[in-house]
Every structure is written in C-alpha cells, then in structure tokens.
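Here is how the chains run, residue by residue.
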Amino acid sequence: MSNSIQSDNRHDYDEDILPHLISSYFDDLIDETDSEWAELQSRLKSDKSARSYYAECAVMQAQVAWCFSNELEAQSKVLLPPRKQKFFVYCLVGVPALVVLSVAFLFTLSFESADTSQAVAQVADMVKVTWEKDASHWKRNQQFKAGDQVQLKQGYLELEMTSGARVIVEGPASLEILEEGNLRLYAGRLFAKVPPQAEGFTVITPSAKTIDLGTEFGVYVNDAKTTDVHVMQGLVDSELLNDSGEVLKSKRLVKNKAAQFRKGATKIQEVPYRTEEFVKTLDYDKAVQASSPMVQLKFDEIRNGLVPNQVGDQFHARVSQAENLSGQEINRFLKFKPAGSEVNSRSASDLFLSIESIGKLFSGDFTFELWVRPDAIKHATLFRLYPRPDIDSHYGSVLELMDCSADNQNCFRFLLRNSDLNNVEVKAEIFSQHQYQTDRWYHLVSVRASNRILLYVNGVLLAESPCNVRSNEELGLIIGRHLPPGDNISDRSFLGDMDELLIYRRALSETEIRSHYNLYQTAP
C-alpha cells in the first residue's frame, strides 16, 4: 500500500478559484453585494501572493487596452464591435483610468492589512479539508499574520509557526492566530510539537492557558468550552481562567499526564491521559505505526509463499496462491478471483491466507482493521478466528459480508463467540445496517473494547453491542474464506480486493480510526 496515489473516494478539496474571482471583478460581474466579492477581499487581505497575482492581472489588462488605443489620436474614443464580457477583452478609453482603479483597489486592501504585520505561521499541509461557510479558504504554503481566523469544518490542517512549533488541527475547529505565533483555540482539537527554540509557545482557550516548556501536547475544547490538556512529552504550565481571562489556578503537567479546565470551576481536575485522542502526523504509515499494531499485512509482496508481517518477526500469513497480487507497482493488493470465469453470488475462490497462531487474543481488548473492495454481493467471510488447531471446525468468530438472503441484507457482520464456558456458546453479534456495493473500497474496523464490540465503516461507528465473550484459548486466523477449500460451505469465500490488514492488541480510539481512514489513499 502506498500513500501517494489517488483514491476513488477522494475529492479535490483544494482547487484555487482566485483567477475566477479576479476575472469576475474586472468584468464587472461582481460587486459589494456578492459573496464572491467578499471572498476576493478576504483572499487579497490575507495572502500577499494573491495581491501580487492581482497586480500582474491589472498590468496585463492595461497592456491589452494600450494595444487597442496607442494608434488613435488623443481624446478620441476607442470603438470596437460588440462582444461578450470576458476577462482581458474589454477595450478601455484610456490606460490611466484602469491603472488608477487597480491601484486604488489594492491601496484600500493594503491600507487595512496587507503588510502592517509580519507572517507568524503558514500552512504546511492539509488533508481532506473543507471550510465553514463564509470562512477564509487557506491554501498550502499560505502565510498567516496575527489576527487571522481559521474555521475548519472537517479534515486536518498542519500549521508551521515561524518559531518552529508545528501544530495539527482536526476539524471541526475554530482558532485565531495570535502575536508571536501563539494560538487561541475556541473549539476543536489540536496537537502541538514544540522544539527547544520555540519554548514558550502558548495555546489559549475559553477556560485555560497552556504554556509550553519544550514538549508535545494536545488540547481539546468541547462545546461547553471545557478544556482538556494532555502532555505526551516534556512539561507544560496550564492555568485555569475565569470569564475575564484572569488566572484562578495553575498546574504543571508532566509526561503522560492530563488535566481538565472547566468554565466557572475553581479547581483543576486530573483526568485519564489519552494520547490516542490526538492526530500527531498526516503521514498514513507513521500514524499506523504510532497505533502499535501487532500485525500489518500490506500485500505489496509475497516471499516464499508468505505475506510478511511488516512490524515483527512472527505472524506472517501463509498464502495459498502467490500469483494474485494486483494493482499498481507502488500499491499492490490481494485479488481474490473466482475459480471460474463468472463473478456472482455462487462463485468461489480457492485463494486464502492463514496465520497458524496469533496467541490468546480474546483474553483482552483487540482491533481488526482492513480495506476491502467486493466484486460480488454474496455471503463471504473476510476473516475467521478459530481455536487451534481445529482450522476445519465451523466454530469461530468472523467479520463477514452478508448477501441478499440474510435478514440484514448486503451489510457487514461482526460476530464474536466462544464455547469454552461450560460448553455453552457465548456470543455477541452486530450488523452495520449499511448496504455495501461492488467495485468500491470500504474501510472496516471491528473492535473489542472492555465489555463492548463495535463496528466502524469508513471511519464512522455504525454498530455496537454489549459483549461478555472472553477466552484464554490460543487462536488461529484464516483470511478470505470461512474454511479451507473442499468444505461444504467453502462458497463463503470472498471475491474482490483486500489491502492493508492490521491487528492490534488493544481497542483503537475513534480518533485513530477516523484518521487512518482519512489519511489512507487506496488504489482506484
């Protein structure tokens, strides 16, 4: 799997409409009553490169007008045939009028905000960003000055402060850039990584002020304006503020500690430290590694009949057929093809993978994460956990696709069960209620968290249920079908593509699951 190729579910969130806005202005198609006029004003006020581009357009337009008028007598009018209003086509009576108008427009903007203050931050990166209505649309490498506002509706925005501090903001979020590259977070979630030279970087919220002492920390402000501060590395000094911004209490937080600051409260409350609630990188592979998987099968290669585990020397998956890698050279994935030429609900594939033992996974929390693209609507098993060594037993826990004949048609099913408690089967089962389609990638995550099981599809929690299933049995894993070929229910084989299968010995947080979905880009 590679994080550099396009996804069939990805949109172009970052197309620049500045040329269209300037064209509309010169063609008199917008005025102060139009939303595009306000957007042009905002861009030119906040972006020096946009103002430079506007000036170039003004000069080009003046040159076009001069080409039409330089052979006429002074004081005469320029007459041209009627034409549609388009950019750079108008013929003007004189160049000075256009130049004066353009300079006056720029002067008005620059007088307000252009170069009266220096840039204190810039956009380093963004992923799947959309902005709140009427908010400024920031671009990569665009600079911020003190007073600029960021209204992020969804996605991830990485800021690089001139001090050297780097901040990742997860939408929805609202913040303001302050003097010296500090931040005021009104709502939302951010993570800050601060090098020694940027010590003193500060984040102010409605209820707290956090001053960095050379560290990594996260800040979250909820709808009630309560602030949570979590320290991953180093130290921070955090202060509880009243409505007037006065300091009521202060507390120094150290590594792996967290505290909560409530509006109207008189004391600071310690809370459980949750590093997994913050996105710390916009690189998919680094994000996955930070979540500490025990198994990562990328399907980029098969060596000696094995798909290697990328994160350890054990738990490699043995594959029944080695010729089924598909996709592009930089992003391979596993193709489960039917044995015959037709693909339908009765088709079956002989391909499957197996890991002989993954230990006593059911004794604690765990997470399975994978990407699939079905080729057929059929009852198919994506993976099955079974008590070793009986791989041929029908018993086991599964993540499956359901077909049209099921009560929950065309959905995803997560079934967790064991039968070692006084020989009585104990199980928990949930259905996504989400009808899957063929020829489309799905990000599936099944989680055992404490006494609940949860099922996420494309970063969204779609089903959960109480679960009391625990087992100390050693388990094996089969991937791509319920049982090996030759069994009477072997038609539960999966048909389609599979990529990036991961197993964790803990429950992933919703923030981690959502970020993995958003940062991953699969093959078209």
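Residues numbered from 1 in each chain as written. Predicted model: local features only at pLDDT ≥ 70, side-chain atom pairs only at ≥ 80, totals over all residues. Heavy atoms only, no water.

Student: Before we move on, can you summarise the overall build of the chain with the specific residues and values?
Tutor: Assigned secondary structure in the chain consists of 6 helices and 29 strands. Burial status across the chain gives 51% buried among its 524 residues. Expressed as a percentage of contacts within the chain between residues at least 6 apart in sequence, the contacts between residues at least 24 apart total 60%. Within the structure as shown, the chain displays about 24,500 Å² of accessible surface, and the carbon and sulfur contribution to it stands at 47%. (Helix = DSSP H or I, 4+ residues; strand = E, 2+ residues; numbered from the N terminus. Buried < 20%, exposed > 50% of the residue type's maximum accessible area, 1.4 Å probe, protein only. Contact = heavy atoms within 4.5 Å. Areas by Shrake-Rupley, 256 points an atom, 1.4 Å probe, with all protein chains shown as cover.)

Student: Describe unusual backbone geometry, naming the residues involved and giving the relevant values.
Tutor: A cis amide bond links Gly171 to the next residue, Pro172, at an omega of 5°. With respect to the element layout, Pro172 can be found in strand β4 (residues 166-177). Here Ser292, not a glycine, exhibits a phi torsion of approximately 60°, which is positive. With respect to the helices and strands, Ser292 occurs in the loop between α5 (284-290) and β14 (295-297). In this model, Phe315 sits at a positive phi of 65°, which is unusual for a non-glycine residue. Tracing the sequence through the fold places Phe315 in the loop between β15 (306-307) and β16 (317-319).

Student: Before we move on, could you go through the environment of His443 and cite the residues and values that matter?
Tutor: Here His443 is to be found in strand β25 (residues 442-449). For the pair His443 and Val457, spaced 14 residues apart in sequence, the C-alpha to C-alpha distance is 5.6 Å. Beyond its immediate sequence surroundings of up to four residues, His443 is in contact with Glu369, Leu370, Trp371, Tyr456, Val457, Asn458, Gly459, Ile513, His516 and Tyr517.

Student: Run through the pattern of salt bridges, naming residues and quoting values.
Tutor: Proximity of charged atoms lets side chains of opposite charge pair with each other. One pass over the structure, following the stated rule, counts 21 salt bridges. For the salt bridge of Lys145 with Asp148, the shortest nitrogen-to-oxygen distance reads 3.0 Å. We note that Lys145, like Asp148, is buried. Ionic pairing is found between Glu270 and Lys251, a salt bridge with its closest N-O pair at 3.4 Å. Here the residue Glu270 occupies a position in strand β13 (residues 269-270), and Lys251 occupies one in strand β11 (residues 247-254), the gap between them amounting to 19 residues. Its relative accessible area of 55% is what places Glu270 among the exposed residues. Residue Lys251 is classed as partly exposed on the basis of its relative accessible area, which comes to 27%. One salt-bridge network, in which partners are shared between bridges, spans Glu170, Arg189, Glu510 and Arg514. (Salt bridge = Lys/Arg side-chain N within 4 Å of Asp/Glu carboxyl O.)

Student: Describe the packing of aromatic side chains, with residues and values.
Tutor: All chains considered together, the criterion is met by 13 aromatic pairs. An angle of 45° between the planes, with centres 6.5 Å apart, marks the rings of Phe201 and Phe217 as tilted. Here Phe201 is found in the loop between β5 (183-193) and β6 (202-204), whereas its partner Phe217 is found in strand β8 (residues 216-221), with 16 residues between them in sequence. Looking at Phe201, the relative accessible area reads 2%, which means it is buried. Taking the centre distance of 4.2 Å and the plane angle of 15° together, the rings of Phe368 and Phe383 count as stacked. You can see Phe368 sitting in strand β20 (residues 366-374) and its partner Phe383 sitting in strand β21 (residues 380-387), a full 15 residues away along the chain. (Phe/Tyr/Trp six-rings, centres within 6.5 Å; stacked < 30°, edge-to-face > 60°.)

Student: Give me the lowdown on the pairing of strand β27 (residues 460-466), citing residues and values where you can.
Tutor: As paired strands, strand β26 (residues 452-457) and β27 are joined by 6 bridges and run antiparallel to one another. Within β27, the position partnered with Val457 by the bridge is Val460. Hairpin connection, β26 to β27: the antiparallel pair is bridged by 2 residues, and Asn458 has positive phi, about 55°. (Pairing = 2+ DSSP bridges.)

Student: Tell me about the nonpolar core, and please be specific about residues and values.
Tutor: With 48 residues, the main nonpolar core has Leu353, Ile358, Phe368, Leu382, Leu444, Leu477 and Met498 as its most contacted residues. If we skip the residues at most four places from it in the chain, Leu444 touches Phe368, Glu369, Leu370, Val372, Leu382, Leu399, Phe412, Tyr456 and Val457. In this structure, Ala198, Phe217, Val236 and Leu240 belong to the second largest nonpolar core, which totals 39 residues. (Core = buried A, V, L, I, M, F, W, Y, C linked by side-chain atoms within 4.5 Å.)

Student: So what's going on with helix α6 (residues 510-519)? Which residues, and what values?
Tutor: Across the 10 residues that make up α6, a large majority, 8, are buried. For α6, every residue scored as buried is listed here: Thr511, Glu512, Ile513, Ser515, His516, Tyr517, Asn518 and Leu519.

Student: Let's hear about the environment of Thr281: which residues, and what values?
Tutor: Tracing the chain through its elements places Thr281 in the loop between β13 and α5. Through-space distance from the C-alpha of Thr281 to that of Tyr156 is 9.7 Å; in sequence the pair is 125 residues apart. The contacts of Thr281, once residues within four sequence positions are left out, are Ile168, Lys286, Ala287 and Leu519. At 3.1 Å, the side chain of Thr281 forms a polar contact with the backbone nitrogen of Asp283. (Polar contact = N/O pair within 3.5 Å; in protein donor to acceptor, adjacent residues only side chain to side chain.)

Student: Run through the side chain of Glu158, naming residues and quoting values.
Tutor: Within the secondary structure, Glu158 is located in strand β3 (residues 149-161). When its relative accessible area of 13% is taken as the criterion, Glu158 is described as buried. Dropping the residues within four chain positions of it, Glu158 is found in contact with Gln122, Val123, Ala124, Asp125, Arg166, Val167, Ile168 and Leu282.

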